[in-house]
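The primary structure of each chain is shown beneath.
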Amino acid sequence: MAANPRTITDVQATILSAHANCTVEDKISFYNTWSKLYEQDMKILDYQAPLLASTCLADVMLEDRDQALVLDVACGTGLVAAQLQKLGFCNFHGLDGSEEMLDLAQSKSLYQSIQKCILGAESLPLSSDIYDAVLIVGALSVGQVPYTTICELHRVTKPGGFVCMTTRSNVSNQLYKTQLQALMEEMEQKRLWVKVKVQEIELWEKATSELESKGDSIYIPGTIYIYQKSRIPT
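The paragraphs below set out a description of the structure included in this document. Fair warning: this is a prediction, and the values are worked out from it, not measured in the lab.

What follows covers the overall build of the protein chain. Looking only at helices and strands, the protein chain has 7 helices and 7 strands in total. Secondary structure elements of the protein chain, listed N to C terminal, follow the sequence α-α-α-β-α-β-α-β-β-α-β-α-β-β. Scaling as 2.2 N^0.38, a compact globule of 234 residues should have a C-alpha radius of gyration of about 17 Å, and the protein chain matches this with 17 Å. With the C-alpha coordinates aligned to their principal axes, the bounding extent of the protein chain is approximately 60 × 40 × 35 Å. When each of the 234 residues of the protein chain is scored for burial, the buried share is 47%.

On to the nonpolar core. One finds L57, L84, F89 and L135 to be the most contacted residues of the largest nonpolar core, which totals 38 residues. Excluding its chain neighbours within four sequence positions, the residues that come into contact with L57 are L84, F89, A133, L135, F162 and I226. In this structure, Y131, L140, W193 and Y225 belong to the second largest nonpolar core, which totals 27 residues.

A separate point is the sheet that holds strand β1 (residues 69–73). In spatial order, the strands read β3-β2-β1-β4-β5-β7-β6; together these 7 strands make up an open sheet with mixed pairing. Looking at strand neighbours, the two that pair on one side only are β3 (113–116) and β6 (193–206), the edges of this open sheet. Strand-to-strand twist across the sheet, computed as the mean angle between neighbouring axes with direction ignored, equals 15°. Note that β6 and strand β7 (residues 219–229) share 10 bridges and pair antiparallel. Residue pairing across strands places I201 opposite G222, the latter belonging to β7.

The N-to-C vectors of helix α3 (residues 49–60) and helix α4 (residues 79–86) enclose an angle of 45°; their axes lie 9 Å apart at closest approach. Considering the angle they form, α3 stands oblique to α4. As α3 runs across α4, the sense of the crossing is right-handed. In this structure, α3 uses P50, L51, S54 and L57 to contact α4, whose residues at the interface are L79, V80, Q83 and L84.

The next thing to look at is the environment of Q40. Within the fold, Q40 resides in helix α2 (residues 24–44). Sequence separation between Q40 and P5 is 35 residues, and the spatial gap between their C-alpha atoms is 10.0 Å.

By the criterion of burial, strand β5 (residues 157–168) is predominantly enclosed, with 10 of the 12 residues buried. Pairing analysis gives 5 bridges linking strand β4 (residues 131–136) to β5, with the strands arranged parallel. Considered in β5, the bridge of V134 is made with V163. As judged from the 7 bridges shared by β5 and β7, these two strands associate in the antiparallel manner. Counted as the bridge partner of T167 is T223 from β7.

Restricting attention to buried positions, one finds in α4 the residues V80, A81 and L84. The arc enclosing the buried residues of α4, seen along the axis, measures out at 95°, which places them on a common side. In the core, the buried residues of α4 are packed alongside α3, β1, β2 (91–96) and β4. In the stretch just after α4, G88 is the one whose phi turns positive, near 105°.

The rules behind the values
- Residues numbered from 1 in each chain as written.
- Predicted model: local features only at pLDDT ≥ 70, side-chain atom pairs only at ≥ 80, totals over all residues.
- Heavy atoms only, no water.
- Helix = DSSP H or I, 4+ residues; strand = E, 2+ residues; numbered from the N terminus.
- Rg over C-alpha atoms; globule rule 2.2 N^0.38 Å.
- Buried < 20%, exposed > 50% of the residue type's maximum accessible area, 1.4 Å probe, protein only.
- Core = buried A, V, L, I, M, F, W, Y, C linked by side-chain atoms within 4.5 Å.
- Contact = heavy atoms within 4.5 Å.
- Pairing = 2+ DSSP bridges.
- Axes fitted to C-alpha atoms, helices over the stretch in contact; angles between N-to-C directions.
- Parallel < 35°, antiparallel > 145°, perpendicular 65-115°, else oblique.
- Left-handed = near helix turned anticlockwise from the far one by under 90°.
- Arc of directions from axis to C-beta.

What follows is the structure, given as structure tokens:
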């Protein structure tokens, strides 16, 4: 008899269990273990961020997408690069802290370069000012990647290049989101980059608990931010 398929309840329990893992090592172990079920579980959650963020970036990069060098930070199994490829992007580098996730991403033959990097615990192992676009989709939220990581995203982006970031807007992520936006605005005030687009999404993904959903919806909202790095040194 075939095994019973996973349900939304199974996925919710898996994700909630990650919050009990406090150390960086625990988090990496969690994602290594989860990697084999990750894409299946994202489908169950109706996780829209890779598609929506990729579309937003394409909307502001109308030319030479096939020439653009794109850094996919916290790339996981490659969901974002797969969407970007459909939109005409071709050149991808990927970073993630989970070796098992990176192995799955590498198997898709999307990335020209894959590197392991513990985000927030170390600087990105990359030179400054080299990427036409940098994305971090799904990882900027409480209990995952520190919001200060966006300074490193800015550093590795070319002058005139774009940084695309997402965060969740559920109840438990509100303080993190406030801190993230404050740092984005501070960097803009310092003329490090310019806000290009902010898009609020109501149906981001299915909630992992009833406390996280809004009203009668079973979904949580999310937000996409796109900034353009200043062309003139400050």
